[in-house]
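Observations on the three-dimensional arrangement
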Amino acid sequence: MKKLVVVGNGMAGVACVEQILRHCPKFDITIFGDETHVNYNRILLSSVLAGEKSDDDIVLNGLDWYQRNNIDLRLGVRIVGVDSQAKTVAGDDGSVTSFDKLLLATGSVPLIPSIDEVKKDGVFVFRNLDDTRALLKRCRPGLKAVVIGGGLLGLEAARGLRVQGCDITVVHLMEWLMERQLDATGGSYLAAKMNQMGITVLLGLSTTAILGNGKVEGVQFKGGGSIPADLVVIAAGIRPNVGLGHEAGLEVKRGIVVNDYMETSHPDIFAVGECVQHNGICYGLVAPLIEQGKVLAATITGNKGPKYEGSVQAAKLKIMGVDVFSAGEIGDKLDGSEVIRYEDPALGIYRKLTLKDGKLAGVILVGDTADSHRYMDWLRTQKDLGRLRRQLLSPGPAEDAGMDVAQMADSETVCGCMGVTKGAIIQAIHEKGVNTVAQLKECTRASTSCGSCSGLCQSLLKAVVPEFEEEVKKTICKCIPFSEDQLRDILHGQQLKSVQEVLAIYGNGIGCEICKPALSYMLDMLWCGDHDEDRSARFINDRVHANIQKDGTFSVVPRIRGGVTSPDELRRIADVADKYRVRMVKITGSQRIDLLGVKKSDLPKIWADLGMPSGQAYTKGVRMVKTCVGTDFCRFGVQDSTSAGIELERRFENLFTPHKVKMGAVGCPRNCAEATVKDIGLVGQEGSWQVVVGGAAGKKVRKADLLVTVETTEQALEAAALFFQYYREGANYLERTYDFVERVGIEKVRKETVYASEAAKQGLLDRLRKSKERSSDAWLERDTLRNPTQFVQIQPLDEVFA
Amino acid sequence: MNTTWVRIAFCRDIPLREGRAVKVGNREIAVFNLGDRFLAVENRCPHKGGPLADGIVAGASVVCPLHAWKMSLETGRGVNGPSASSCVETFRTRAEGGIVLLELRDIRGQSQAASGGELAAMCLQPNDVPAITDYPSTAEA
């Protein structure tokens, strides 16, 4: 078997190997990668930086794939020499490997502009997973970070760091952002969106020096100005990594020169990806690399025939809530071209088409990229647009995505990254029996890169496979066209602090009884309590801190932590019940006391007379911890569940949660306080605690899942805290823990809470602590009314006769 | 019909996008601050008598806190599924010198009975429609 050596374990090299594996004859394949990771999706590094994806999530081909295909994978080995006569490559580990065919897929390296004293502690590039990890290790909320470069990569890095809480300034040399993909107007729309996310953008500034003595303290600009910085990310572009091309004696200009068959100037050496130059162009985006790989696979396996004829340059900015798409020619100066524009500043939508000879030459979309695939197809096929002239900027019947896909031609590309056409997907569905999105990804690789075509893929499946069950995009309500997951991502790191602002920008500007409380919760959680509280967006219970009853009166449940009270408290409760003629005094199922039938206007007075904190019995918040008498009195108790429960309640009380949270702590497995059917339960055993989550004994009955078993009470409380905050951050509004745990899967919950990295755990605990610090007993509002009429019924100013 | 404009509250006492109940004679009226205007309806949901003044305002509608019936504050008509064939009485309002005024039909004479009669004729009697479940109004200790 002939020996194929691949230098580079990135997206282009491995995608090409995937194609080669589909051809005959077979090769004996060795892949060298100087990074120590298996093939991963570089495009999603910004999502890793933003903490939305883990390292594992972005793996494209795991170790098992290499093994299955008998590929010898050498990670952490940098190839430093190529002998094109002897046909060997030399590694920096001293190894020499011979080849029959050599494939160079060495990608590119970050372009470092000439800046004085650039080598300082705190200066980073953002190119690979190790860079990302280093950045993640360094960044923390409040850190001043400066990103040099306002292109795709720089903006995605900026957004990731913003999500991590850094104060971000993007410094860009040119007059507008993404100047290679956008015109000045498009750039200004994009800058406005970045500003909304809390990112400062400085344009037309050339960075001349990094300030600081050994450690970054600021950056200086041409002309003398400077800004402070604790961290600098250089994302000023990339240049093809062509060192080995020179070594091998290949023709190299900016990149390694290849012809239409992806052949270099040496018959047994090939090159693909960002390191090559085809027809004078070096490509830096993923779709062309995939196209090149397909051609190269044919050539290298002796099936020479398919030609690579260049790609239409297209770019999509992958920042949630900031839609930018650009393809083809973007300048206004194209001879004989016409430009068609549409702008809506209020909605932040900008569209520009450049036509030449009745055909599309270029497109810019900001704010709404739903039609990008249609324009991309017009560009690729050079469709004559004469007949469509009146509909160029108006989308087709976009309401029904099924219609849209039906109108697509088979040759139209669905997945621009992986170069998968509609025809290829239909073929996979018919011939390979594909009927889920996961199978479609596996089979065609469609939607495995940036993921922006996943909607189209679903629509296709829906249209072609009768039994396809759509993965429904669940929006909160009709007011906002986003799912809660998406919305959390969008709002994360933005400056929007109030429900009305969110509705104005991402919704219909009005809102309803469903989304307003959901958004109220989300903002409170995201800002750790430092949001602009708008009581009009809260349910009445949260305006007056009591539970409305069928007759418009309210119920009052004071906090009795762990169900442990005192004669004094009981006397006060009894006195209050008498004084305000409470209609019913009821022992609740939660070891508390409910005073029912209270008038709204009496609430503040009752709270004052009780002198006890709110039990939050009326809200989606922390209810209570039910406890048994543990080791204090019980003959069987092996853990002090009473103290543990009281402490648990004390740590979480006054916080809002997606739905109510009821907890329990028991001192032995007899489970007298029913901890195993609570949202969070602590179950004492001899010498240890079991922390269980997701239990229920309401509309649904569910035994809680074991989160972790730990030795000390403090460890148990910490495990509970990790889960509690994880639920607060990840659950949809009105989703109880038992639904949340089932949806996410307890394994993943464990992995992301008690078994998460120390940094991730600390993040959860820090955010919980911050929220807790800002929270307070709602009943103290009796002394600091939100407004003078919060609890009263208004009396007319004029006398009215009945 | 005789009508009277009654000064009922200071504008500032009704927070933006919230409602407040005002006792006028022997009936309760819910007055809402919509930012650019005030709207008023009877403070009694046609479903189970819930206090509409305590509801969440959604545009020019209010959602009853008991079972989420949604009533238009402009027309008084129900606007979501179960409430669609019901309505509440509406009242004209105007704001003047920081004060909200409410127009009342003459409530001392027989015209009150007449207005009650009109109301009964205008609105279909609410059927006992099952409450909307999953609305965040159920909370127990």
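Parameters at a glance
Residues numbered from 1 in each chain as written. Chains lettered and ligands numbered in written order. Predicted model: local features only at pLDDT ≥ 70, side-chain atom pairs only at ≥ 80, totals over all residues. Helix = DSSP H or I, 4+ residues; strand = E, 2+ residues; numbered from the N terminus. Contact = placed C-beta atoms within 7 Å. Buried ≥ 20, exposed ≤ 12 C-beta atoms within 10 Å, placed from the backbone. Axes fitted to C-alpha atoms, helices over the stretch in contact; angles between N-to-C directions. Parallel < 35°, antiparallel > 145°, perpendicular 65-115°, else oblique. Nonpolar A, V, L, I, M, F, W, Y, C, P; charged D, E, K, R; others polar. Left-handed = near helix turned anticlockwise from the far one by under 90°. Pairing = 2+ DSSP bridges. Core = buried A, V, L, I, M, F, W, Y, C linked by C-beta atoms within 7 Å. Expected span 1.5 Å × (residues − 1). Arc of directions from axis to C-beta. pLDDT = per-residue confidence, 0-100. Right-handed = clockwise from strand over helix to strand, strands pointing away.

Next up on the list: the overall build of chain B. The helix and strand tally for chain B stands at 1 helix and 10 strands. For chain B, the succession of helices and strands along the chain, N to C, is β-β-β-β-β-β-β-β-β-β-α. Excluding contacts between residues fewer than 6 apart, the proportion of contacts in chain B whose partners are at least 24 apart in sequence is 46%.

Secondary structure summary: chain A contains 25 helices and 40 strands in total. Evaluated residue by residue, chain A yields a buried proportion of 48% over its 802 residues. Pairs at least 24 apart in sequence give 63% of the contacts found in chain A among residues at least 6 apart.

On to the packing of helix α22 (residues 713-730) of chain A against helix α25 (residues 758-774) of chain A. The relative placement of two packed helices is expressed as an angle between their axes plus a distance between the axes. Residues and elements named next belong to chain A. Where α22 contacts α25, the axes come no closer than 9 Å and their chain directions differ by 75°. Taken as axis vectors, α22 and α25 run roughly perpendicular relative to one another. On the side of α22, the interface is formed by A721, L722, F724, Q725 and Y726, while α25 contributes K761, L764, L765, R767 and L768. Residues of the contact of α22 with α25, tallied by class, amount to 7 nonpolar, 1 polar and 2 charged.

Time to look at the packing of helix α18 (residues 567-579) of chain A against helix α19 (residues 603-610) of chain A. Residue and element names in this part refer to chain A. The geometry of α18 relative to α19 is characterised by a closest axis approach of 9 Å and an angle of 150° between their N-to-C directions. On the basis of the axis angle, α18 is roughly antiparallel to α19. The chirality of how α18 crosses α19 is right-handed. Facing R572, I573, V576 and K579 of α18, the residues of α19 in contact are I606, D609 and L610. Along the lines of polarity and charge, the residues of the contact of α18 with α19 split into 4 nonpolar, no polar and 3 charged.

Our focus in this paragraph is the interface of chain A and chain B. Each partner contributes to the interface: chain A provides 36 residues, whereas chain B provides 34 residues. Mapped onto the side of chain A that touches chain B, the elements with two or more residues apiece are α16 (515-526), α17 (540-544) and β30 (547-548) of chain A.

Residue and element names in this part refer to chain A. Here we have 4 strands laid out as an open sheet, ordered β30-β31-β33-β32, and antiparallel in their pairing. Edge positions in the sheet fall to β30 and β32 (584-587), since each of these pairs with one other strand and no more. Here 2 bridges tie β30 to strand β31 (residues 554-556), and the two strands are oriented antiparallel to one another. Looking at the pairing, N547 lines up with S555 of β31.

What follows concerns the environment of V89(A). Residue and element names in this part refer to chain A. Secondary-structure assignment places V89 in strand β5 (residues 88-91). Judged by the 26 C-beta atoms lying within 10 Å of it, V89 falls in the buried class. Sequence separation between V89 and V5 is 84 residues; the distance between their C-alpha atoms is 8.5 Å. When sequence neighbours within four positions are dropped, the list of residues in contact with V89 reads V5, V7, I79, G81, V82, T97, F99 and L102.

Residue and element names in this part refer to chain A. Two strands pair when backbone bridges link them, and strand β4 (residues 79-83) and β5 are joined in this way by 4 bridges, in the antiparallel orientation. Its bridge partner lying in β5, D83 is registered against T88. Here β4 folds back onto β5 in antiparallel fashion, the turn holding 4 residues, of which K87 has a positive phi close to 55°.

In terms of nonpolar packing, the biggest core is built from 272 residues, with V232(A), V233(A), V272(A), A720(A), F723(A) and V31(B) touching the most fellow members. The biggest single contributor to this core is α22(A), with 10 residues. Those residues within four positions of V233(A) in sequence are excluded, and the remaining contacts are F124(A), F126(A), L135(A), A145(A), V147(A), I148(A) and A157(A).

What follows deals with helix α21 (residues 641-652) of chain A. Residues and elements named next belong to chain A. The end-to-end C-alpha distance of α21, which contains 12 residues, comes to 16 Å, matching closely the 16 Å that a straight helix rising 1.5 Å per residue would cover. The complete set of buried residues in α21 reads S641, T642, A644, G645, L648, E649 and F652. Buried residues of α21 fall within an arc of 165° about the axis and therefore sit on the same side. Turning to α21, the residues buried within the fold contact β34 (622-627), α20 (630-633), β35 (661-666), β36 (680-685) and α22. With its phi angle positive at about 75°, N654 sits one or two positions after the end of α21.

Tracing the sequence through the fold places A463(A) in helix α13 (residues 454-464). Along the backbone, A463(A) and V405(A) are 58 residues apart, and their C-alpha atoms lie at a distance of 8.0 Å.

With that settled, consider the confidence of the model for chain A. Per-residue confidence for chain A gives a mean pLDDT of 90, with 97% of residues at or over 70. In the predicted structure, residues 397-402 of chain A sits below a pLDDT of 50 and forms 9 contacts with residues beyond four places in sequence or in another chain.

Residues and elements named next belong to chain A. Within the open sheet, the 5 strands sit side by side as β21-β22-β25-β24-β23. Their pairing is antiparallel. Edge positions in the sheet fall to β21 (314-319) and β23 (337-344), since each of these pairs with one other strand and no more. Strand after strand, the sheet turns through a mean of 10° between neighbouring axes, direction not considered. The sheet contact formed by β21 and strand β22 (residues 322-328) spans 6 bridges and is antiparallel. Bridging across to β22, K316 finds its partner in F325.

All names here are of chain A. Here R786 lies in the segment after α25. R786 sits in the partly exposed class, given 14 other C-beta atoms within 10 Å. With residues up to four places along the chain from it excluded, the contact list for R786 reads R535 and E781.

Moving on: unusual backbone geometry. Residues and elements named next belong to chain A. The backbone phi angle of M178 is positive, close to 45°, even though this residue is not glycine. Looking at where M178 falls in the secondary structure, it is placed in the loop between β11 (167-171) and α6 (184-196). By C-beta crowding, M178 is classed as buried, having 25 other C-beta atoms within 10 Å.

All names here are of chain B. Per-residue pLDDT for chain B averages 78, and the proportion of residues at 70 or more is 74%. Taken as a whole, residues 108-141 scores under 50 in pLDDT and shows 44 contacts with residues more than four places along the chain or in a different chain. Here the complex is predicted with pTM 0.57, and the ipTM for its interfaces comes to 0.81.

Turning to the pairing of strand β2 (residues 27-33) of chain A, a few remarks are in order. Both faces of the sheet carry side chains from a regular strand, because those side chains alternate between them. All names here are of chain A. Of all 7 residues making up β2, 5 are buried, and the element is well covered by its neighbours. Pairing of strand β1 (residues 2-7) with β2 involves 6 bridges; the strand directions are parallel. Within the sheet, the bridge partner assigned to V6 lies in β2 and is I31. In terms of handedness, the path from β1 via helix α1 (residues 11-20) over to β2 forms a crossover that is right-handed. Two elements, β2 and strand β3 (residues 72-75), share 4 bridges in a ladder whose sense is parallel. Note on β3: the bridge partner recorded for I31 is L73.

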